[in-house]
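Coordinate analysis (summary)
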Protein chains: 4
Amino acid sequence: MVLILHQGATSQDIDFMIRRIQARGLDYAVYRAAVRSQIHVLGDLSGETEADWRTQPAVKEVYGLPKPYRLANRTHRRSSTRIPIGSQELGSSDLIVIAGPCALESEEQGLAAARMVQSLGLEVMRASVFKPRTSPYSFQGLGREGLRILSRIREATGILVETEVMDVRDVELAAELADVIRVGTRNMQNFDLLREVALVQRPVILKRGMANTIREFLLAAEYILQGNEQVILCERGIRSFETAYRNTLDVGAIGILKQETHLPVIADPSHAAGNKILVRPLALAAIAAGADGLLIEVHPNPAEALSDGAQSLYPSQFEDIMAALRHVGAALGRSVAEPVPVRVSAGG
Amino acid sequence: MVLILHQGATSQDIDFMIRRIQARGLDYAVYRAAVRSQIHVLGDLSGETEADWRTQPAVKEVYGLPKPYRLANRTHRRSSTRIPIGSQELGSSDLIVIAGPCALESEEQGLAAARMVQSLGLEVMRASVFKPRTSPYSFQGLGREGLRILSRIREATGILVETEVMDVRDVELAAELADVIRVGTRNMQNFDLLREVALVQRPVILKRGMANTIREFLLAAEYILQGNEQVILCERGIRSFETAYRNTLDVGAIGILKQETHLPVIADPSHAAGNKILVRPLALAAIAAGADGLLIEVHPNPAEALSDGAQSLYPSQFEDIMAALRHVGAALGRSVAEPVPVRVSAGG
Amino acid sequence: MVLILHQGATSQDIDFMIRRIQARGLDYAVYRAAVRSQIHVLGDLSGETEADWRTQPAVKEVYGLPKPYRLANRTHRRSSTRIPIGSQELGSSDLIVIAGPCALESEEQGLAAARMVQSLGLEVMRASVFKPRTSPYSFQGLGREGLRILSRIREATGILVETEVMDVRDVELAAELADVIRVGTRNMQNFDLLREVALVQRPVILKRGMANTIREFLLAAEYILQGNEQVILCERGIRSFETAYRNTLDVGAIGILKQETHLPVIADPSHAAGNKILVRPLALAAIAAGADGLLIEVHPNPAEALSDGAQSLYPSQFEDIMAALRHVGAALGRSVAEPVPVRVSAGG
Amino acid sequence: MVLILHQGATSQDIDFMIRRIQARGLDYAVYRAAVRSQIHVLGDLSGETEADWRTQPAVKEVYGLPKPYRLANRTHRRSSTRIPIGSQELGSSDLIVIAGPCALESEEQGLAAARMVQSLGLEVMRASVFKPRTSPYSFQGLGREGLRILSRIREATGILVETEVMDVRDVELAAELADVIRVGTRNMQNFDLLREVALVQRPVILKRGMANTIREFLLAAEYILQGNEQVILCERGIRSFETAYRNTLDVGAIGILKQETHLPVIADPSHAAGNKILVRPLALAAIAAGADGLLIEVHPNPAEALSDGAQSLYPSQFEDIMAALRHVGAALGRSVAEPVPVRVSAGG
């Protein structure tokens, strides 16, 4: 770390700084100059933040701090983290697609969705039972009872389930009953929730806050990595001035993340788009930018969906996207699940 | 609500829509035209959301839904809500300033801060014990023990305390020991926390999410208003492309909120600024735009602060701002607390 | 167009509105209701703007205006506009890549760049002679003399050249000497320049303003389309709060534009990225989202470039991207130029 | 300037850098270290840009360049620049309000506006004759003929006029016929226009681009300052994600600008607001944040305005704002023009 001092910094100021540096167990080297004195601070800087030092009256600028996310940093682990999900491995050359309805609405709807998702060759269904809704008057999800329904659908069909947790008091049960848990965009900096999720041993999809920087995103992951290594980062669009769609899918972030961290990165084109017609180009763009997988909303009957109907795909639209993904994935050396041949069942 | 139908909408489509409208207990009127058929939907629309209807295949556009925040809406309550805080009343012509350090660091620092704040004529001190920190390696606050320290400072000095809650499991204790509780910017859409805060009878400062719209802000307030009427809205700067300061204080939002809701509105110039030198112009601008009060960081010794030192004011800077606030407040017909004459105490 | 009237609108108000509508040669139908009276305005609405009507005291909301860009709208021309560029056709299944240095620095550098670009199989070189530089103290380009150098390079090598115009007084000469002209991001709403460019018959690349909406983008194209049909839209990244790269490449805009307009759409990953390492993922993402081509900065020696060295690719990096583009393009049914076999020349 | 080198930088790399530094006539000092070698570059750095050095392969980071705007910098001129406008002086304790219609629509409308503005005690009227309109189908202004009408109104009433220039070919005439010229928000980085405006000796209002940083704003001013010292900076709202008003008035920018530059700073609350009702809070906030003046749209009859009717004030609304400005201005030690007593004229 380099502290650039104000032009008028005195010997007294420098002595004060040296005492502060030593009190933290750090080493230093001072370069005094007419115009631009500097103090180089050496040692274990992992606990230091720029803000802590910029606040000193003698300090003009602070440079050269190591990146504050240690565990998420690719310098910490060179090879990509691989997280097994069903028969595939996220972070490998597999492209994993998790699809399903925005919300679990009933056992019947959930079962229909599970079968639809399986028929498309997928192993994991998304379905939320706790819904973070902007308005208190909107459908809030089936709650803890929904978790139990998901668990029954899981047993009945063999599908894996992915679902969101919002309340620290629900994390344990969700981790027990679901295969993958998700921290939503509005909770990316709900630090108590992150700490709770760090205590369970389940893969966690951490969605980027819709107005959070890549740096803040990695620091949120760092909270979970304190106890749980299975963190999956999910880019889902950021807030910008554009109103022609819901959020701006940040493919640049995917590019940066794949270099900066060893954690797998997926994208959610459905929430970025906010409408069906934009899901296909966003899904393909995310994969081309290097994403390891996708989270997509598809509903047996979007017109009847209790939430997010506008962006939920019809099954036929989803099939079309899967076909395109297979082609583009192959061009990039990545493999996507194949559709399952229609099984003629005796009983129905 | 007006549903504009797609040009090709058939009688069958319209019949389907009518059944859906009736199933929700609503009334309707259909205007068929060559170019632009419409269905007007009448009745209690408070449970309807635009998304629910836009998702219908026959519907092109949805207009004219009532504002989704019912209780926060000024049409619900014409006169401004007044919330007594100490001897003043937020939402009246009083301008209330709540000041203090970013975080409670120790009982000693808290006591010094309380006395400093009182000497400036203020009745309420801000001090956080639960700190939402971007990095897991930064100082996280004194936690529940901090709440008890605050309570002792409160008793020792007579000062009122304002403090943040982050975890649903801490709300009850915080509401018991503090005079005003705060939901921070990163938790504005932590709906479980909002629901918990709705259950206590304390004034709650709800800070606007740094990337949330005014509409989302009022809907978050609506969650709390389900059970707790003492909601104070706090504008604290939004994310923009500008990097010369931390966040863009949105004075336009203050103007809109004062028209749109009966709830009191305050501003936090310290967190918007991110540096000492910008606090004064932002504080004055917020008041000129119509804010009812301010939340300001001031620290007995900012260079030693464990967090937010860069933006915490020295006591002398804060006094200067208070003087300017008195002048500008008076020009706008609003009164600010007067400084307390120095008390010569016998014992110390 | 539907005008929703304020609740208190009187018969007199409605009569006033009717006179205003008739004065514009438009027809109308009035729906009076207790809660929500409406006036439907019919006829040729292409000259009407929302702002003109929203300003009327009796009007609460204005809905249903046709899109204000008539010529750019895909409803105006169903089939995609194709613009021949060399032996390829932009807007067809061809993927066209235009590459070269940010700026023309000298005849020697320009010649080297042209030969490098040709050896990669490309037919068009980008090179700016008028440089819109943020600082008056930065290299401003070679100016009109640069245009003449470009023209000589064109003759010597057979390469086509693409270059930016900034000043209305240079448009005629640029259109005469270059094959494709470009309006830069800072000039997207320089309406006098757009009007001038509408007068020449050359393909024009119109770059999206870095903070302009898709709607404003299409309206800027509409200015050029008044006289010049060969408009190529170029997405080049928008301003957001993220600082890990320069601008946020808006792949969603590419998706929307391909549906909304018949004009070809290309992307500039170099300016969005602002650094070499992000150009590849952004280039691939743009193509996957549906772009018809790319504008890429590549320099024979980026470390010596007079501008934009940080984001200019080394030739070998560019070759690698071209190879990936061929694979992904093929997966999407699009063809990219093949590299030219090395020609052994006698003289050198 | 400090160049931080990559960890693997060799002696050869350093020699290469030294040659480059010397070729620019600069001095240097090298600090080699195991982890973090640096080259300090000394001398006249005013022509250096960060981008030029960051592009070097051995360079990891570039720090400590002086601010690139030399003439606009307050270090260049400590005392605030004062620009006489009528009997007032912008940049002094005077608060100057320039008001009038968005556009000149006819000689009659212009005369009525001039008399209205004068009756409110103001000396300068704004009125545009060249209109930068988003759509080619909107009213584009009266053009050069409008300039001559303005000139006649000026002679007939004695009012001063402020008007926008868009085309480099109109600058000379506009500077001859108007008292203050304006570069609009869409042209802030139209560098050819800035260069042209630098050649005339008239006060120039430079509006901040709606998505430009404060740094870019000052660099645009720097272009004009190359030849014309009378630059007035105007904050007019920036693009953000909020849609409840048109643009976010950036009062923080006003605070920063007043510290960073000696140039006077004004604000345009009308264009930020986009609607009448928000003009008052924004105008007062701008003044409280330190602005030296305001640019406000007021129209004799907003409902009939050919442009910007939604945000143009009725004369009575404007009078109310002027009264509040006088009070708040006085609280801040600044004086605003007094209204002129109604003159009873014989003829009318």
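Calculation notes
Residues numbered from 1 in each chain as written. Chains lettered and ligands numbered in written order. Predicted model: local features only at pLDDT ≥ 70, side-chain atom pairs only at ≥ 80, totals over all residues. Heavy atoms only, no water. Core = buried A, V, L, I, M, F, W, Y, C linked by side-chain atoms within 4.5 Å. Buried < 20%, exposed > 50% of the residue type's maximum accessible area, 1.4 Å probe, protein only. Contact = heavy atoms within 4.5 Å. Helix = DSSP H or I, 4+ residues; strand = E, 2+ residues; numbered from the N terminus. Expected span 1.5 Å × (residues − 1). Axes fitted to C-alpha atoms, helices over the stretch in contact; angles between N-to-C directions. Parallel < 35°, antiparallel > 145°, perpendicular 65-115°, else oblique. Left-handed = near helix turned anticlockwise from the far one by under 90°. Domains from an automatic or database assignment. Pairing = 2+ DSSP bridges. Buried area = accessible area lost by both parts, 1.4 Å probe. Salt bridge = Lys/Arg side-chain N within 4 Å of Asp/Glu carboxyl O. Polar contact = N/O pair within 3.5 Å; in protein donor to acceptor, adjacent residues only side chain to side chain. Nonpolar A, V, L, I, M, F, W, Y, C, P; charged D, E, K, R; others polar.

Moving on to the nonpolar core. Looking at soluble globular proteins, one finds that nonpolar side chains tend to be buried together. Ranked by size, the top nonpolar core spans 348 residues in total, and within it A:Leu206, B:Leu206, C:Leu206 and D:Leu206 carry the most contacts. Those residues in contact with B:Leu206 that sit more than four places away from it in its chain are B:Val183, B:Met188, B:Leu194, B:Phe217, B:Ala220, B:Ala221, B:Ile224, B:Val231, B:Ile232, B:Leu233 and B:Cys234.

It helps to recall that an α-helix has 3.6 residues per turn; residues three or four apart then point in one direction. Residue and element names in this part refer to chain D. The terminal C-alpha atoms of helix 7 (residues 214–225), which comprises twelve residues, lie 16 Å apart, in line with the 16 Å expected from a rise of 1.5 Å per residue. Helix 7 sits mainly inside the fold: eleven of its twelve residues count as buried. By the burial criterion, the buried members of helix 7 are Ile214, Glu216, Phe217, Leu218, Leu219, Ala220, Ala221, Glu222, Tyr223, Ile224 and Leu225. Those residues of helix 7 that are buried are in contact with helix 6 (191–197), strand 11 (204–207), strand 12 (231–235) and helix 8 (251–260).

Here we come to the packing of helix 7 (residues 214–225) of chain B against helix 8 (residues 251–260) of chain B. Residues and elements named next belong to chain B. Where helix 7 contacts helix 8, the axes come no closer than 11 Å and their chain directions differ by 50 degrees. The angle between helix 7 and helix 8 places the two elements in the oblique class. The two elements helix 7 and helix 8 cross, and the hand of that crossing is right-handed. Residue-level inspection shows Ile214, Phe217 and Leu218 of helix 7 in contact with helix 8, the latter providing Ala253, Ile256, Leu257 and Glu260.

So, about the domain arrangement of chain A. By the assigned domains, chain A splits into domain 1 (2–63) and domain 2 (83–336). Relative to domain 2 of chain A, the C-alpha centre of domain 1 of chain A lies at a distance of 44 Å.

Moving on, we get to the sheet that holds strand 3 (residues 38–42) of chain A. Residues and elements named next belong to chain A. Strand order across the open sheet formed by four strands is 2-3-1-4, with antiparallel pairing between neighbours. Bordering the open sheet on either side are strand 2 (27–31) and strand 4 (59–63), each of which pairs with just one other strand. The average angle at which neighbouring strand axes cross in this sheet is 20 degrees, direction not considered. In this structure, strand 2 lies alongside strand 3, joined through five bridges in antiparallel fashion. Bridging across to strand 3, Tyr31 finds its partner in Gln38. With respect to the sheet, helix 1 (residues 11–23) is in contact with strand 1 (2–5), strand 2, strand 3 and strand 4, its orientation differing from that of strand 2 by roughly 160 degrees.

Contacts between the two partners involve 34 residues from chain B, matched on the other side by 34 residues from chain D. Between chain B and chain D, the buried area comes to about 2600 Å², and carbon and sulfur atoms account for 74% of it. Residues D:Arg208 and B:Glu242 are paired through a salt bridge, measuring 2.8 Å at the closest nitrogen-oxygen approach. Between the two partners, chain B and chain D, sit seven residue pairs in polar contact (both at pLDDT 80 or more). Only helix 8, helix 10 (279–288) and helix 11 (315–331) of chain B provide two or more residues apiece to the side of chain B that touches chain D. Top contributing element to the side of chain B that touches chain D by residue count: helix 8 of chain B, with six residues. Here the side of chain B that touches chain D is composed, by residue class, of 22 nonpolar, eight polar and four charged.

Residues and elements named next belong to chain B. Taken in spatial order, the four strands make up an open sheet running 2-3-1-4, and their pairing is antiparallel. What marks the edges here is a single partner per strand, and that holds for strand 2 (27–31) and strand 4 (59–63). Mean inter-strand twist for the sheet, computed between neighbouring axes without regard to direction, equals 20 degrees. For strand 1 (residues 2–5) and strand 3 (residues 38–42), the ladder comprises three bridges, and the chain directions are antiparallel. Residue pairing across strands places Val2 opposite His40, the latter belonging to strand 3.

A few words now on the interface of chain A and chain B. Counting residues at the interface gives 50 residues for chain A, matched by 50 residues for chain B. Summing the contributions of chain A and of chain B, the shared interface buries around 4100 Å²; its carbon and sulfur component is 46%. At the surface where chain A touches chain B, the tally comes to four salt bridges. Residue A:Arg169 pairs with B:Glu196 through a salt bridge whose shortest N-O separation is 3.2 Å. Here chain A and chain B share 20 residue pairs in polar contact (both at pLDDT 80 or more) between them. Elements represented by at least two residues in the side of chain A that touches chain B include exactly helix 1, helix 2 (50–54), helix 6 (191–197) and helix 7 (214–225) of chain A. Partitioned by chemical class, the residues of the side of chain A that touches chain B number 18 nonpolar, 16 polar and 16 charged.

A separate point is helix 10 (residues 279–288) of chain A. Most of helix 10 of chain A is tucked away, with nine of its ten residues classed as buried. At the C-terminal side of helix 10 of chain A, A:Gly290 shows a positive phi close to 115 degrees.

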